Structure formats: C-alpha cells, structure tokens
Amino acid sequence: MSEKLALIVPEILLFITTCIVMITGQWPQRAVRQFTPWICGIGLIAAAGAATATPDAVGTLFPALIPYTKVIIAMVGLLLLLLLSGTVDRDIETDVDRGLKFNPINSNRGEFYAFFLFSLTGLMLTVSADDLIWMFLALELTSLPTYIMVTISTKEHKSREAGVKYFFLGALGAATFLYGFAMLYGATGTTNLAGIAQHFATNGISSIGMMGMLVALLGICFKIAAFPMHFYTPDVYQGAASPVSAMLAFVPKTAGFIAMILLLATVGWHAELGLPGEINALLWIIAAFTMTLGNALALIQRSVKRMLAYSSIAHSGYMMVGLIAGPGQSGDPFWRNGIAAVLFYLLCYGVMTTGVFAVLSAIEKRNGQEADDIDDIRGLCKSYPALGWVLVICTLSMLGFPPLLGFIGKFGLFSSGVSSGNIGLVVVLGINSAIAAWYYLGLIAAAYLDSPGDSVSTVTASPFVSRKIAGVISAGCVVLLLVFAQPLIEGARNAAALSPATPNAADHAPLAPDPRHDEDH
Amino acid sequence: MIQLTPQLTTLLSTLTNPMVALSDPAAADPHAAATTAHAVGEVGHGPAWVLLIPFLPLLGFVLNAIYAAIGNKSKLPAWTTVGLLAVAFATTLSMFLSYDGSPYTVHAFDWIQVHFGDKSMIADFSFYVDKLTILWMLFVTGLATLIALYASEYMSNDIGTGYCRFFSAFGLFVFSMSCLVMGDNLLMLYLGWEGVGLCSYLLIGYFYKKPSAVAAAKKAFIVNRIGDLGLALGIYLTFVHFGTLEFAELFSNEKLMGYVADASVGNFSAIPGQAQWIALLLMIGAFGKSAQFPLYVWLPDAMEGPTPVSALIHAATMVTAGVYLIARMYPVFLVSEFALPTVAWIGTITAVLAATIGMAQFDIKRIMAYSTVSQLGYMFAGLGLLTTTGAAFHVLTHAFFKALLFLACGAVMHGFAGQLDLRKLSGVAWMKGWGIVGVTMLIGCMNLAGLPYITSGFYSKDMIIAEAFVTPGYSIIGWLLIVTAILTAYYTFRVYFRVFVGPQHAEPGNEHHDHDDHAHGEEHNHDAGQHGDHHSSGFHPHAPGWAVNVVLAVLAFASIAAISLAYIDKAEHHGWVGSMVHDSTAYFHSPYVEQAHHAAEGTAHAVDGPVGFKAPKAVFGMDAHTAMILITGIGGIFGVLVAAFFHGPKGWQGLFIGGRTEAAKCRMDAVARRFGPIPKMAENKWYVDEIYHAILVAPLRVFSHVLHWLDKLLVDGLVNLFGFLPRLFAWVIRPSQSGVLQGYAVNMAGGVVILLVVVIVVVLRAGGAA
C-alpha cells in the first residue's frame, strides 16, 4: 500500500491544492481570491517536484513512466494555468467593481480552478494506473471536470451547447471503453494490467479478450479525438473559451494516449510483426482516417478555433503512428522508440497548441467577444508584434518546420514508423503533413504578410497579461527547448522503456482461430 | 558542426608526419630539386594576435551595422573603420617583421569536420601565414586603410544610413579578403572568395536606386558565378584526388610532389588526367574574379560603384584574387600540361583586347577599368610564363598606382558633380586647389605607362615581358605585350592630356551637389566660374579636402618608392617581391631564367638541363632583361609622345607638342575619322556584350520562357489538382459535422461497429490467405 502511495504523491499534493483553492476562490476578500491562481501554481510546482522523486513502479509495464510524464503534465499545466487564470473571474470581478457585493453562492470561480486541478489530478492518476478500474476512474476524473469547465467558460449560449454535447458524447465514449474493459475482465479474470498481460502471454489472446481490447481502444479514441469518436471536437473547441480549448487539446488527449499505451502494453509489440493483427489493423485505419479527416476538414475552415480543433484531430492521427510502431527493442535509441516519440510529441503538442490558443485568448473583438475568425488575426505581426510572432513560431512548429520543437517531435514519429516497418503509414503521415502546411501557412500568411486593414478596429488586446506571457513562454519553449531537446528526448526514451520482465503476448505464435469469432460482434 | 574526436587528432598527425617524411626523397632528387615547387615542411602554430587582422574589419562591419541601426548621422563609421583597419595594417606589419621564415597556421575555431569511412574533410577556421600571405595582406590592409580615409570624405554626401552601409560593407570586404588570402584551406579561400564577391555586389549596387548600378551589380555577380562554378569544381576535385583541402597538407602531399617531379622533366603522361583538370577548373575561377577574357565584361560596368570601391575592390585587391589563387596553388598548376600556357595566352589576349577598348573610351573611370583588365592580363601572362615573382610584383605596384589613378579620377568626379567625360573637362590641374590631384595623377599615369627607371610600374611590367622572351615559344606573347605597353602609355596619357592640362574648362555632371554646408564648403573653387566657356555659370567645382589629398600623396609616394623593391635582394631573388615569393608555395625556380642568364654570360654549363628545356637565344644579342628595358622604355615614351601630339594642349612655347585649344577638339578626331568604323567599334567594346547577349542571354531567355509556361501550365496545374483533392474530400465529408448531437452519437456508434467489422474481416481474410 505504501509503495502505491509513494507513486501518487503528486496527485495527493494536487488534490490538497484543489481543496484549498475551492475555499480561497470563494473568499470574501478580493486579495485572497486573486491569490488563488498562485496557489494553483505552487501546487503544480510541488507536484512536479514530487514527480521527479517518484520511485520506479515495480511490477507495472512501464516502470519509469511516471516521473517524466507527470513532470511534463505539471509543466504544461503551469502554461495552461497562465492561460486559464482570469477566464471566469473577469465578469465576477467586474460586477464587484461596479459595487455589487461578492456572493460566493453565485460565483463559480473557485470551482473553475478546482476543476482544472481535478482534471490534471485525473490525468496524473491515469499515468499511475495499474488496474482497469483505476484507469477508468482516472480517465473519468480527467474528463468530468472539463465538461463543466466548457459550460461555464463563457456566459454565452454556445458554451452551454458545447458542454452538453461534450458531456453526452463523452458518456457514450466512456460507456464504450468501459464495455471493453468489462470484456477484458471477462476474458482474463483480472483487472490488473500486469495480470492481464500475464494472462495473455501464457494463454494467448482469446476472442473475447481481443474484442474487449478493440472496443476499449475505440472508446478511448474519444479522449484523444480520433476517428470515429472525433465528431464532438470542433463544436466543443469552438464553443468553449479559447483557454479551455487549449486545455482540452492537451489534457484529455494526454490521458487517452497514456491509457492506450498502457492497454497496448498488455498485448505487447512483437519484435517483427508488431501489434497483434487485429489491433494493428484497427489502429492503422484509425490513424490514417484521423489525420486525413482532420487535415482535410481543417483546410476549409475560416474559424481559427475550428481549424485548431481539426488540427488537434490530425495530430492525434500522427501520434498513433508512434503507438503502432511501439517501443522497439530494449536499449533502442529514441528514434526507434515509437512510445518515446508519442510521449515527447505530447509535450511538443501541448506547448505549441497552448501558444496558438494563447494568442487567440490574448486578443478579443471590440465588443468583448472572442477572436476566432481568420480575419481577426490578419496583420497581427504589425498590430501586436509579440503576439504575431508567437503565432508564427508556434504554427511553424505545429507544421513541423525545422529546426523548431515540432520538427523534432514529428521526426521521432516518422523515424519510429520507418524503423518498425510501417512505411505505408509513414507515407500517409508525410502526405498529411504536406496538406497541413496549407492551412498552417495560411494562418502564418494572414498574421505575417497581410496588413491589419479594417480588422485593426475590430480586434484589441484582452486585459490578461498572463495570457500574453503564456504565449511568449510557449514560443520561447518551441525555440529554446531545441537546445535542451537531448535531455527531454532521453527522458522520453527512459520513460517509454517496457519493463524487461513484461510477458509479451505478441511474442507468441499467432492464435488458434476461435470458432466463436464471428458471433462476438 | 562535427567535433573533432581525440582519436582523429592523433590519426591526422600520424597522417601528416609520414607525408612530410616522404616528401624529402622527392626534394632530394637532383632533377626535381632544380624545378620543384617550394615544399611545405612541418607547419607550426603562430601567435594568436594574427587573428586581429581578419577580425578587426569584421568588428568594423558589426559596429557600422549597429550605427546604421541606431541612426548615426556623423562621420563616426568612417573613423571607426579607418581606426580598425589601421590597427589591422599595423598587425600585418608586425606579422611581417616577426616572420622567421617558416610558415605557420593560426587556429581560430573548428569549422567543418566531416568524417566518412577512413577519410575526413577538415576545414577549420584557421589562417595560414607564409610570405605570399604577408605580401598580399600588407597591401590589402594598407590600401584599405588609406582608401577608407579617402572615402570618409568622398562619401560624405551620404552621411547617415548610406554612410554606415558603405563602411559596413567595406569592413566585411576586408574581412572576406583576409579569409581569402589567409585561409589555411581551400574552403576558407572559397568563403572569402564568395564573401568578396558579395561585398563587390553590395558596393557596386550601392546606389541601388540607379538602374544602371543595379544592372552592373547583377552582371558582376552572375558573371562571377560562372567562374565560381569552376573554382568550386576545382576544390571538389582537389579533395577527391588529394584527400585534403588544407594547404599545409596539400603541398606536402606525396602524390603532388611526385607529379611535380614528373612535370619538371616534361613527363606529363605520368600524371593522371584528374590531377591535371584541377588546375584548369581553378583557372576558370581565377578568370572570373580577375576579369580575364572571356569573363572580363563585368569589371568595366562595376565602375557604377562609388570610386573608393572601384579603387580598392575593382582595381587593387579583389581582382587580384585570381592571381593569388594561381600563385597559391602553383604546384597544382605546374602539374597540369595545358593550364599555365592557357593562363599565359588568355592573359595576353585580355591585355591586348582591353587596351584597344580603353583607347576609344571617353569615360575616364571606364578607361581606368579597361586598363585594370589589361594590367591583370599582364599578371596572368606572368603567371603563365612561370614568373610568379613578376606577377606578384606587378600586383603590388599596380595596386598602388591604380588605386592612385582611381582615387584621382574619383576626386575629379566628386568635384565636378559626377562628370567623367574627358571631352567635357580640361585643365583641371591648373584650377585652384587641384594641384595635388594633378601631380599625383601624373605620377600614376607615368607608372601605368611604364616610363623607364622612374616608375615602379616599369620594373614590374618589364619583368613579365622579359620572361616572355626567355621562355621558348612565347616570344609572340612578348611582342604582343610590348604593343600593349605602347597602347597603354597612349591611352593613359590621353586622359592626362585631355583632362588635367590645357585650357580650363568644366561642365558639371548631372549629380546634384547641393551640399554647400559640408566640411570643406569654404574651399570651393570660385575661380572656375570665371572662365568664359562655362556652361552653367552657377556651378562651382569643389576642390578635394585634406583626406583626399593626403591619401593621393601617400599613394603617389608609394608608387615611386616601390622602385626600391626591385633593387632589394636583386641578385638573389630578382627583388624584394622575389624573396617574398621564394618562401611560399608560389615559388617556382624557372629553368629558363637561369639558362638565359647563363647563355648571356657565355657560361654553357646549364645546357645539360632537364630534358625538353632548350636554352633560348638572347634577344638582339643582349640579355633579355636589358633588351626589354630598352624596348619597353622606348615604347612607353613613344606612347606618351603620341598622346601628347594628338591630345596634348597647345602652349608653354611648344613644350606640349599638342595643338588642343578646346576641351572637346583635338588632332585625334581627324585621325579617327580616317579609320572609318573601327574607333566606333572599339568605343562600343567590340560589341562583346552584344555578342554575349545574342549567343548566351537570348537563347537562355527563350528557354526560360518555355520552362515558365511549362511550369505554369503543367506543374502548377498538377499542384493545384493535388491541392484540390483534399478540399474536395473535405466538402464531401463536411455534412458529417452537422452539429446535431444525436447525429454525432449515431456517427460514433456506427463508426465503432463498422470499424470492428472491417478489422475482423480484414484480419480473417489475411489469416485465411495465410
């Protein structure tokens, strides 16, 4: 028990912080209320510190996964905090300025920060998961607060609509993977991931076990916004306030990918054949469809947020290449380790996308509405040079432009795909990167080449300095993390090392055909 | 950048040492010893302060760029540049004085180190210093300092951003030139080569609002590119064949030493063709940069740049880079059967051609430009005739007197609002405040004309021409060069007699000089306005200020003082330059010279020289040098007299034998009419530019139009098609994003089911097939 507790110290710290901010956020004195984001930040830093000291999780499939992953979660979490702080406070504090008394009952500012931290807690718990039940609860802890955050992020109708859609479809997704988990339990008689791996390794993967795995993966596709569970993404991203959209792009996606990595590890990657045939085929189709759909639909958007939502879908498709490639042989370098590539790319994507959303959050229309249309960012490099350049740098990085951070991330995905023999999928990835260049460059051209024109009168800087800072830090990371890419890459490689003791079902001979196969669906 | 591993350092040192050891037997060979190139021994490490020479000008570049950024509007950029360059010159001087006779390298930082297999390509940012380097750097930094001082006044109309831009490029140029001359490997040389090309481009196009300047800059860049391609290929081939780019290693290379030994006995068939091609390729690069036929066409147009640039870059330093390249790589040229003869012939053709064009021009700066091309031709002829000493000596003297001539012409151009037409200027030397310009211009003209004994230009030119007569089979070159010398004397003094003496007359150019408030406004020559035939009575030429006069005087003095160089070490090395060249890779001990001397002295013991060499006969029964001093001396004086007769003014009781009383009219006009269309053709540069346009530019343009339409219709069409497909796909699937919650749920559930079915069917099929 105490070993398990040692693994979740960061989550415990975050939980304590959550409880504190729930109270301070509703405090009658304004100074205390305004200190709330600082408390969140302190909690995140403490969690990051605790994460670095986490011991190896003995007996799990990825013993060294926790420190690296939780540190990047906390760090991107800090960036997101800079972006989120103030989102719901603004209206409330404006009311207070107008002389209205602060009424904790009518305020939701405490909850907003608390839900953010709850979601991050859930994300970290997903990383620590060694059991299906734990994983399910952690995934739901990650997502449930976000439903509410989307709904309360603005006072507009579209946010409520987005929240409702997100909640119902999320429930559908959760039900799907819970169904899969149940089948896995039915097939193996255990909910422990290492136990499932052991069962698969010794007894082979039964049809029901395979079915459970496929359904679970399809369900988790909701979290990562992958085909066929991606439909909610553009509506929700557009409906939520930009800072919340940024969070949606990172937090549930990371949780989904970690869960997928842990689930896939139970069947393992065969040294030559890779994942078991059905799973490989499923992920292949999902990856190819996801990136193509995402990029194609992003092409025809005028709303920057919708474009970013589709780009988020496409990026999930890219990262699935790493999942299919697998961790390679033990001791392989970073560029042959697909799981390390995914972990590193999650960091890259979190930083880049936060940067772009930060730019969108840091400007607003004169009537107080969010900047969203591509016309709103036209000539940004001239009207707001700092924001314009953040947008240009982060977008170039998302496009995978060398030598920015996104290039290194994408390089890992490409190289692991090639070294695992998935040339076909890498070609699809390459074509999609080219398609993506179209709309990313369109974004850059709008910000850099076009002149502000009339839109200069429609867009103004929003009053949150912290958002601007978040953007500048993101762009700085995109450029500067290159210099420190080596330790990060090494960290990802260490985190993605499969436990040498892991029994590997995929190493066994192909399964005997099961007569009940056709009846399973 | 790939870091050098310690193992590799040791590997390299073991590679270097045996090579040095192996080169010794070659040097000990009696035949090879007579003709071998100077073998580079163990190269030590030099003092780090040598790095100041390239990096001070670079600092100047950076500082001037900063001045431009902060909007400096004073002469600070000029003084910064002059100061830094003066220190660089002082450093070069101390490098010269402290040089103890053995070459050394100075390492700045690791630059390019690539290892593949057992080979490695090392090109560090380091500098190689031998006497050839020192010789070149002395006049590069010295002249750069002087010309920067001159430019501080000359460019003062542009104080502000333009001034900063000018001196910024100036500093970058000197840095690049230092890399070119001092680099310890061919890649550094290439870096400097491209760097000076860039600076040349930037400075020719300095007046970027003037279309002709922009066109000239482009022309210079593009024509140079042709040469640079040759240089690049030559460098590749050097690496492929010899496995190294570093001079120290290359010149102690066992293979190269063997080739040189073969070449010295005329056994070129023993040398692989690949090694012989290197020199031919490098030669093309040298032709481009040093404006040799057929790539000379850019240099006259380059006069669109400010005059200090013409003086420094396009007369004194950059254009001698080709001479430097050949001198530096001389052993490689020696082993190529056809390279040096080609160099000699091309040099001669260029010298004659440019001189004939120069005779018919009216723009004094262009005349100087053609004379530069022509004099560069002499240098190449010298290289081809195996007298690197003569070539290097001519580079040195030419650097001084041609810089002087350009700067004097520049002073005229500056003073007369851009007027450069010799028909519209006359008697400038007599105008108030123009005395120093007149005298120094005269000294420069005398040097260029090669008046015997009193000019350094005479000694250096003579050394090359004499070599032509002692080298068997090259006496035609000798005669052509003598004719060119006469033409040179004629066109040089044509300028002097037309512009600087005679009746005072000046029509201003079309540059608006409304800058009466500038530094020497009070020195304006108001006398000029009093002369009756003055067109614009409101125009006041302004005489040059102290900076211009000081620089002109120093250069004039240096042109004369350089005579002494011919007498230092004369017995042993044919002058000081010879002693400098002797200790460098350019050293080549020509058997012809020795034999000629012996033949003249009646000592016949040299007849049993290497196979294939025959002792040449003496010229007119005299030693070749003595004969040439007579012939070229008389030729030069003859040329001056012709110029005096046809262009000289009337006056001084017939001391000037000419009869010119007006600026635009002279005896030559009548003579020129007799020649029919020939003068017009020469004035139009023998239509070389038009010929190039017809046979190269026009067909290429047609071809590029074809490609353009191919690109537009076919390639763009395909690209747009492929760009359209994803959009089409997007429009097709867009309805799935209806925004309706139930629709999404159905899509999701349906997607899950369909995917499961597809996957299981796919895998069963695959399993069934297997």
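The shown structure was predicted, so the numbers you read here are calculated from the model rather than taken from an experiment.

The rules we used
Residues numbered from 1 in each chain as written. Chains lettered and ligands numbered in written order. Predicted model: local features only at pLDDT ≥ 70, side-chain atom pairs only at ≥ 80, totals over all residues. Helix = DSSP H or I, 4+ residues; strand = E, 2+ residues; numbered from the N terminus. Buried ≥ 20, exposed ≤ 12 C-beta atoms within 10 Å, placed from the backbone. Contact = placed C-beta atoms within 7 Å. pLDDT = per-residue confidence, 0-100. Nonpolar A, V, L, I, M, F, W, Y, C, P; charged D, E, K, R; others polar. Pairing = 2+ DSSP bridges. Core = buried A, V, L, I, M, F, W, Y, C linked by C-beta atoms within 7 Å. Expected span 1.5 Å × (residues − 1). Bend = angle between axes of the 7 residues up to and from the residue. Axes fitted to C-alpha atoms, helices over the stretch in contact; angles between N-to-C directions. Parallel < 35°, antiparallel > 145°, perpendicular 65-115°, else oblique. Left-handed = near helix turned anticlockwise from the far one by under 90°.

**Comments concerning the overall build of chain B**
A tally of regular secondary structure across chain B gives 31 helices and 5 strands. Considering chain B as a whole, with its 770 residues, one finds that 52% of them fall into the buried category. Long-range contacts, defined here as pairs at least 24 residues apart, represent 77% of the contacts in chain B between residues at least 6 apart.

**Looking at the overall build of chain A**
The helix and strand tally for chain A stands at 22 helices and 2 strands. Among the 521 residues that make up chain A, the fraction classed as buried is 62%. Long-range pairs, those at least 24 residues apart, make up 80% of the contacts in chain A with a sequence separation of at least 6.

**Some thoughts on the confidence of the model for chain B**
Residue and element names in this part refer to chain B. Model confidence for chain B is summarised by a mean pLDDT of 81, while 85% of its residues fall at 70 or above. Segment residues 1-39: pLDDT under 50, and 61 contacts once partners within four positions in sequence are set aside and those in other chains are kept. Predicted confidence for residues 593-616 stays below pLDDT 50, and this span has 34 contacts to residues more than four positions away or in other chains. The ipTM, which scores confidence in the relative placement of chains, is 0.87 for this predicted complex, and the corresponding pTM is 0.66.

**Section: the interface of chain A and chain B**
Frequently, the measure chosen for interface size is the accessible area removed from exposure when the parts meet. Taken together, the contact pairs 29 residues of chain A with 28 residues of chain B. Broken down by element, the side of chain A that touches chain B gets its largest block of residues, 10 residues, from helix α14 (residues 277-299) of chain A. Its residues assigned to classes, the side of chain A that touches chain B shows 22 nonpolar, 4 polar and 3 charged.

**So, the environment of Q198 of chain A**
Residues and elements named next belong to chain A. Residue placement: Q198 occurs in helix α10 (residues 193-203). Its 17 C-beta neighbours within 10 Å are what place Q198 among the partly exposed residues. Separated by 68 residues in the primary sequence, Q198 and T266 have C-alpha atoms spaced 7.9 Å apart.

**A word on the sheet that holds strand β3 (residues 119-129) of chain B**
All names here are of chain B. Spatially, the 3 strands line up as an open sheet ordered β1-β2-β3, and their pairing is mixed. Pairing within the sheet leaves two strands with one partner each, and these edge strands are β1 (44-45) and β3. Of the pairings in the sheet, the one linking β1 to strand β2 (residues 104-116) comprises 2 bridges and is parallel in character. Across the sheet, H45 pairs through a bridge with T105, a residue of β2.

**Quick look at the nonpolar core**
A403 and L407 of chain B are the most contacted members of the largest nonpolar core, which totals 232 residues. If one sorts the elements of this core by residue count, helix α18 (residues 388-415) of chain B sits on top with 18 residues. With sequence-adjacent residues up to four places away left out, A403 of chain B is seen in contact with L143, I147, A311, L312, A315, A316 and L555 of chain B. In terms of nonpolar packing, the next biggest core, distinct from the first, is built from 207 residues, Y237, A240, M320 and C477 of chain A among them.

**Regarding helix α20 (residues 423-448) of chain A**
Taking 1.5 Å per residue as the helical rise, α20 of chain A with its 26 residues ought to reach 38 Å, and the 36 Å between its terminal C-alpha atoms agrees with that figure. A maximum bend of about 25° is found in α20 of chain A at A437 of chain A.

**Some words on the pairing of β2 of chain B**
Residues and elements named next belong to chain B. Alignment of β2 against β3, held across 10 bridges, turns out to be antiparallel. When the bridges of β3 are listed, F109 appears paired with F125. Counted between consecutive antiparallel strands, the loop separating β2 from β3 contains 2 residues, among which G117 sits at a positive phi close to 60°.

**Description of helix α7 (residues 186-204) of chain B**
In this model α7 of chain B runs 26 Å from its N-terminal to its C-terminal C-alpha over 19 residues, within 8% of the 27 Å that 1.5 Å per residue would give. Burial analysis of α7 of chain B places 15 of its 19 residues in the buried class, the great majority of the element.

**Some points on the confidence of the model for chain A**
The predicted model of chain A averages 88 in pLDDT, with 95% of residues at 70 or higher. Within the model, pLDDT remains below 50 along residues 509-521 of chain A, and this stretch shows 14 contacts once partners closer than five positions in the same chain are excluded.

**A look at the environment of N422 of chain A**
With respect to the helices, strands and loops of the structure, N422 of chain A is situated in the loop between α19 (405-419) and α20. In sequence terms N422 of chain A and G274 of chain A are 148 residues apart; their C-alpha atoms lie 9.6 Å from each other.

**Considering the packing of helix α19 (residues 435-449) of chain B against helix α22 (residues 546-561) of chain B**
Residue and element names in this part refer to chain B. Two elements in contact, α19 and α22, have axes separated by 9 Å at closest approach and are oriented at 30°. Put simply, α19 runs roughly parallel to α22. Between α19 and α22 the crossing geometry is left-handed. Of α22, the residues touching α19 (which contributes I436, V437, T440, I443, G444 and N447) are N549, L552, A553, A556, S559 and I560. Its residues assigned to classes, the contact of α19 with α22 shows 7 nonpolar, 5 polar and no charged.

**Let's talk about the packing of helix α11 (residues 207-224) of chain A against α14 of chain A**
Residue and element names in this part refer to chain A. Following both chains from N to C, one finds α11 and α14 inclined at 20°, their axes separated by 10 Å at the closest point. Comparing the axis directions of α11 and α14 gives the class roughly parallel. Crossing handedness for the pair α11 and α14: right-handed. Of the residues in α14, those in contact with M210, M213, L214, L217 and C221 of α11 are E278, I279, L282 and I286.

**Quick word on unusual backbone geometry**
Cis geometry marks the peptide bond from P402 of chain A to P403 of chain A, where omega comes out at 5°. One can find P403 of chain A in the loop between α18 (385-398) and α19. Here the amide bond leading from F293 of chain B into P294 of chain B is cis, since omega sits at 0°, within 30 degrees of zero. Mapped onto the fold, P294 of chain B is located in the loop between α11 (273-289) and α12 (298-301). Although it is not a glycine, L386 of chain B adopts a positive phi angle of roughly 65°. Mapped onto the fold, L386 of chain B is located in the loop between α17 (364-384) and α18.

**A short note on the environment of F62 of chain A**
Residues and elements named next belong to chain A. Tracing the chain through its elements places F62 in the loop between α4 (36-52) and α5 (65-84). Overall, F62 belongs to the buried group, with 26 C-beta atoms counted inside 10 Å. The residues touching F62, leaving out its near neighbours within four places in the chain, are A265, A495, A496, L498 and S499.

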